[in-house]
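Each chain, letter by letter, is given below.
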Amino acid sequence: MTGGGDCPGLNAAIRGVVVRAIAGGVDVIGVEDGWEGLIDGRFRTLTRDDVRGIVRRGGTILGTSRKDPFVHGDGYASVEATVEAAGIETLVVIGGDGSLRTAARLSSEGLRVVGIPKTIDNDIGGTDVTLGFHTAVQIVVDAIDRLTTTAESHNRVMVVEVMGRSAGWIAAYAGMAGGAEAILVPEEPIDYKDLAARLMRRHRSGPDYSVVVVAEGAPGPGGEIRTRGADQFGFQRLGGVGDEVALAVEQMTHFETRVMTLGYLQRGGIPNAFDRILGTRFGVRAAELAIEGRSEVMVAVRGDEIVTVDLEDACSNPRPLDPAFFNTASWFLA
Ligand code: F6P
């Protein structure tokens, strides 16, 4: 099953699980729409034909949701009937921190679980990288490249709001690769005076335009995080900080400023080669772990290797942006 927000590479992982499991003599059942399908008993057998050609497809052929058996049901009891009816021996959960935490809880109540870490946010512990992150970064870099030429033509400051929740990975990677003048991340409160001073210094010294990348979870000076309320599952929707940054920059510098919130463009569409390969490797290894009868584990990347880590450990230790990486990126800021 796939749970939480979608990301590029999910189908590559599903294909990896299906092809490897079938080769090992194990049937695969796809659960539809995340935990919702497990609660409601919506699942289907996945054959080799079902996954043919999907390595390049965005989204997830299984569908996903943010429903949670512990929040919207009675935990394991709400999925037990489906698990038994379908004859599920091991549940492979392709999820972000929320789905993997739920998976870890279910495994402590008796369900055999193998996790695959996916999220464009790149914030899951135990792994060097999560599925979907690199495609999202490329999408943001392409957007920054385009926004830079229009900012330059009009002598404007362009504020680009990106996703990432409480981690600044997307902002820092894309900001570095896109040559942004400022990168505002959730790990540090925004210092508007400093930002304005830096932009004014840059514009005085020649270039009359700037690109500011801001992560949706970047806190204001008092630590406040902009939200757009909660969705039907109680999940806080972040966003709006880009407008706040643009307003502050315009008021403090008098430079004409525009905002671009990249939103769901960052998650949609085809995965790049990296995520197709990572999804495939994660899927194959997860199927092997299921065949071996392992549980409470997550596949992960360490260097170039696919390794196995403790699921509970991974989801109880979210991974913030690496300060050393941010330090390197900082040399190129205004
Ligand atoms: O966790 C992935 C993510 O894309 C975040 O970056 C973003 O805050 C959130 O999901 C948006 O979720 P939803 O699809 O529920 O609006």
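The shown structure was predicted, so the numbers you read here are calculated from the model rather than taken from an experiment. (Residues numbered from 1 in each chain as written. Predicted model: local features only at pLDDT ≥ 70, side-chain atom pairs only at ≥ 80, totals over all residues. Heavy atoms only, no water.)

Caption draft 1: How the structure looks around the site of the ligand. Close contacts around the ligand come from Arg66, Thr119, Ile120, Asp121, Met163, Gly164, Arg165, Glu216, Phe235, Tyr264 and Arg267, and that covers them all. Take Tyr264: an N or O atom from its side chain is 2.4 Å from an oxygen atom of the ligand. In isolation the ligand has 400 Å² of accessible area, and contact with the protein removes 86% of it. In terms of residue class, the shell around the ligand is made up of four nonpolar, two polar and five charged. For the shell around the ligand, the two domains that each supply at least three residues are domain 1 (10–132 + 271–316) and domain 2 (136–267). (Near = heavy atom within 4 Å. Polar contact = N/O pair within 3.5 Å; in protein donor to acceptor, adjacent residues only side chain to side chain. Areas by Shrake-Rupley, 256 points an atom, 1.4 Å probe, with all protein chains shown as cover. Nonpolar A, V, L, I, M, F, W, Y, C, P; charged D, E, K, R; others polar. Domains from an automatic or database assignment.)

Caption draft 2: Spatial organisation of helix 9 (residues 273–291). Between the first and last C-alpha of helix 9 there are 27 Å, a value that for 19 residues agrees with the 27 Å anticipated at 1.5 Å per step. Among all positions of helix 9, only Asp275, Leu278, Gly279, Phe282, Gly283, Ala286, Ala287, Leu289 and Ala290 are buried. Projected down its long axis, helix 9 shows its buried positions confined to an angular sector of 160 degrees, all on one face. Exposed positions of helix 9 whose direction lies more than 90 degrees from the buried face are Ala273 and Ile277. Packed against the buried residues of helix 9 are helix 1 (10–23), strand 3 (91–95), strand 4 (113–117), helix 5 (133–154), strand 11 (297–302) and strand 12 (305–310). (Helix = DSSP H or I, 4+ residues; strand = E, 2+ residues; numbered from the N terminus. Expected span 1.5 Å × (residues − 1). Buried < 20%, exposed > 50% of the residue type's maximum accessible area, 1.4 Å probe, protein only. Arc of directions from axis to C-beta. Contact = heavy atoms within 4.5 Å.)

Caption draft 3: Quick peek at the pattern of salt bridges. This structure, assessed with the given rule, holds 14 salt bridges. Linking Arg42 and Glu36 is a salt bridge whose minimum nitrogen-to-oxygen distance equals 3.2 Å. Taking the shortest distance from any N to any O, the salt bridge between Glu256 and Arg258 comes out at 2.9 Å. On the basis of relative accessible area, Glu256 is assigned to the partly exposed category, the value being 36%. Salt bridges here are not isolated pairs; linked through shared partners, they connect Arg20, Arg285, Glu288 and Glu292. (Salt bridge = Lys/Arg side-chain N within 4 Å of Asp/Glu carboxyl O.)

Caption draft 4: Examining the environment of Met298 more closely. Within the secondary structure, Met298 is located in strand 11. As a C-alpha pair, Met298 and Leu111 span 187 residues in sequence and 14 Å in three-dimensional space. Met298 has contacts with Leu100, Gly115, Ile116, Pro117, Ile124, Gly125, Thr127, Val307, Thr308, Val309, Leu311 and Ala314, leaving out every residue within four places of it along the chain.

Caption draft 5: Spatial organisation of the packing of aromatic side chains. For the structure shown, the criterion picks out three aromatic pairs. Each ring, one from Phe133 and one from Tyr173, has its centre 5.0 Å from the other, and the planes form 75 degrees; the classification is edge-to-face. Taken together, the residues span a long stretch of sequence, with Phe133 in helix 5 and Tyr173 in helix 6 (residues 169–178) at a distance of 40 residues. The class for Tyr173 is partly exposed, based on a relative accessible area of 26%. An aromatic cluster is built from Phe133, Trp169, Tyr173 and Phe325, whose rings are joined through pairwise contacts. (Phe/Tyr/Trp six-rings, centres within 6.5 Å; stacked < 30°, edge-to-face > 60°.)

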